[in-house]
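# Geometric and topological summary
Listed below, chain by chain, are the residues.
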Amino acid sequence: MKLALATAIAALSLDEDLAPLQQACLAAGIDAQVLAWDDPTVSWGRFDAVLLRSTWDYMDRLPEFLAWCDRVQSLSRLWNPPEVVRWNTDKRYLGDLAARGLPVIESHFLAPGDDPASLPDLEEFVVKPTVGAGSRDAQRYQRSEREAAIAHVRRLLDAGRHVLVQPYLHAVDEHGETALLFFEGRFSHAIRKAPLLRRGEGPTRALFKEEHIQPREPSDAEHALAAAVLASLPFETLVYARVDLLPSATGPQLLELELTEPSVFLPYGEGAAARFADVLAQRLRKL
């Protein structure tokens with residue numbers, strides 16, 4: 001069973017999941033090789049499947065990345081598949097989930113050609129591009145910084161990018177963000193992520209913003225919401241999924257649904273790497 005673990009040239013040394021996953025795959029009888037999606041010398045057709053892992057630079061060249069996903073699917077099998085990737089790489093999917101009645105953090109979208117000054121009047125809020133990862137180009141603002149926020153929105157819109165504006169939920173400062181990890185639709189483990197966006201701090205210029213992670217046991221309400229989100233999807237059961245939640249006065253709310261290239265925080269879940277590898281081995285045996 002031959003499996004490619006797809007990363008990016010720029011992320012080869014940054015993905016903490018790759019080493020434990022590769023070792024677990026070997027133990028499960030899988031020949032797993034770490035390769036960069038943007039390496040033109042790779043012959044993807046020689047693998048039974050290609051698993052998207054840390055392709056973290058795709059937001060800078062999304063059309064090229066989506067074309068690569070389609071090409072891999074024509075030569076092998078891409079996990080998760082291209083139709084999932086195409087939907088999930090633009091955060092406007094949050095509008096789809098909100099329309100299905102799920103408790104998504106209040107989200108406002110602006111498109112190129114919209115007036116940057118039309119962003120909502122919020123006491124404190126976050127501006128980010130709808131295509132982005134690792135908190136790149138994301139910044140937290142107060143109402144008194146509205147002019148700076150408008151300039152940020154204008155810069156993104158002028159670059160042809162869509163913009164997402166959300167209220168900043170202050171409960172995250174105390175409780176952090178909860179990410180629940182699922183393999184083949186089954187809960188594996190969860191982590192707590194400390195707040196990333198500090199007041200007065202500009203957007204990161206790195207591939208992703210440094211994260212402070214620790215294991216966490218989700219509440220019953222967080223488990224229920226994560227299950228409801230996954231159940232609402234129009235896709236077949238996915239190899240992996242990460243559901244990111246923030247606390248609020250009315251209960252947990254969905255921040256993001258990561259189905260493309262999320263960190264799955266294997267070092268923070270006992271047995272998580274083996275569980276993931278077992279799922280992959282079962283899928284590969286069925287091909």
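Residues numbered from 1 in each chain as written. Predicted model: local features only at pLDDT ≥ 70, side-chain atom pairs only at ≥ 80, totals over all residues. Heavy atoms only, no water.

Right, let's talk about the nonpolar core for a bit. Judged by nonpolar contacts, the single largest core of 54 residues is most densely connected at Leu 3, Leu 51, Phe 65, Trp 68, Phe 276 and Leu 280. Listed by contribution, the elements that provide at least two residues to this core are strand E1 (2-7), helix H1 (18-27), strand E2 (31-36), strand E3 (49-54), helix H2 (62-75), strand E4 (78-79), strand E9 (177-183) and helix H8 (272-286). No other element matches H8, which puts 8 residues into this core. Beyond its immediate stretch of four places on either side in the chain, Trp 68 contacts Ala 6, Trp 37, Trp 44, Val 50, Leu 52 and Leu 78. Listed in part, the 23 residues of the second largest apolar core include Leu 97, Val 104, Leu 180 and Leu 254. (Core = buried A, V, L, I, M, F, W, Y, C linked by side-chain atoms within 4.5 Å. Buried < 20%, exposed > 50% of the residue type's maximum accessible area, 1.4 Å probe, protein only. Helix = DSSP H or I, 4+ residues; strand = E, 2+ residues; numbered from the N terminus. Contact = heavy atoms within 4.5 Å.)

This brings us to the pattern of salt bridges. This model, assessed by the stated rule, comprises 17 salt bridges. Of the charged contacts in the structure, one is a salt bridge between Arg 140 and Asp 173, with a shortest N-O distance of 3.9 Å. Pair noted here: Arg 140 is in strand E7 (residues 139-142) and Asp 173 is in helix H6 (residues 171-175), with a separation of 33 residues, a long-range link. Residue Arg 140 is classed as buried on the basis of its relative accessible area, which comes to 7%. Classification of Asp 173 by relative accessible area gives partly exposed; the value is 38%. A salt bridge links Arg 283 to Glu 184, with the shortest nitrogen-to-oxygen separation between them at 2.9 Å. Here Arg 283, found in helix H8, pairs with Glu 184, found in the loop between E9 and strand E10 (186-193); they are 99 residues apart in sequence, far enough to count as distant. For Glu 184, a relative accessible area of 21% corresponds to the partly exposed category. Each of the salt bridges in this network shares a partner with another, and the network as a whole consists of Asp 38, Asp 57, Arg 61 and Glu 64. (Salt bridge = Lys/Arg side-chain N within 4 Å of Asp/Glu carboxyl O.)

Honestly, it's all geometry; don't read function into it.
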